[in-house]
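Single-letter residue listing:
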Amino acid sequence: MNERILLVDDAKFARKIAKKVLGNGGFDNVTEAVNAVEAMEVFQNHDFDLVLLDITLPDNSDLTLLENMLKAKPEAKIIMTSAIGQDLIIQDALNAGAKAFITKPFGEKEFLKEVFRVLEEG
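Read on for a plain summary of the structure. Treat the numbers as computed from the prediction; the structure is a model and nothing was measured.

## Focus on the side chain of D54
Thought 1: Within the secondary structure, D54 sits in strand 3 (residues 50–54).
Thought 2: Residue classification places D54 among the buried residues on the basis of a relative accessible area of 6%.
Thought 3: Ignoring sequence-local partners within four residues, the contact set of D54 consists of V8, D9, D10, M80, T81, S82 and K104.

Shown next, in the form of structure tokens:
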């Protein structure tokens, strides 16, 4: 598939798993970022079909990066990921503009289902 995906997570292990699952789903064009500064720089300089964004990064532990990305590119499709699956955090992320929220650890089938769903939305 030709979709360009930006994968933002400070945990190398989490990026490795997500990248493997994305590859299993046919997504081979994945760019990685490890913190908010790097993610925003890459995001602003390239066009991505989808962003997978960890809510907790060393330099950003709230929804600021999500909000800044959507200010820069309101049409961006962003899925938040987190090991913290509290309802309030999930609702806040969705209210701020995230298209979906995936709680880690995730099952491959459920993860890919959300990725395909968000990509197919207009």
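## A word on the pattern of salt bridges
Thought 1: Within this structure, the stated rule accounts for seven salt bridges.
Thought 2: Of the charged contacts in the structure, one is a salt bridge between R15 and E32, with a shortest N-O distance of 2.8 Å. A residue pair is termed long-range when its members are at least 10 positions apart, and R15 in helix 1 (residues 12–24) and E32 in strand 2 (residues 29–33) qualify at 17 residues.
Thought 3: Its relative accessible area of 10% is what places R15 among the buried residues.
Thought 4: K73 serves as the salt-bridge partner of D47, at 3.4 Å between the closest nitrogen and oxygen. One end of the pair, D47, is in the loop between helix 2 (36–45) and strand 3; the other, K73, is in the loop between helix 3 (64–72) and strand 4 (78–82), and 26 residues separate them in sequence.
Thought 5: Under the relative-accessibility criterion, D47 is labelled exposed at 62%.
Thought 6: On the basis of relative accessibility, which here comes to 13%, the residue K73 falls in the buried class.
Thought 7: Linked through salt bridges whose partners overlap, the residues forming this network are D9, D54 and K104.

Reading the values: the criteria
Residues numbered from 1 in each chain as written. Predicted model: local features only at pLDDT ≥ 70, side-chain atom pairs only at ≥ 80, totals over all residues. Heavy atoms only, no water. Helix = DSSP H or I, 4+ residues; strand = E, 2+ residues; numbered from the N terminus. Buried < 20%, exposed > 50% of the residue type's maximum accessible area, 1.4 Å probe, protein only. Contact = heavy atoms within 4.5 Å. Salt bridge = Lys/Arg side-chain N within 4 Å of Asp/Glu carboxyl O.

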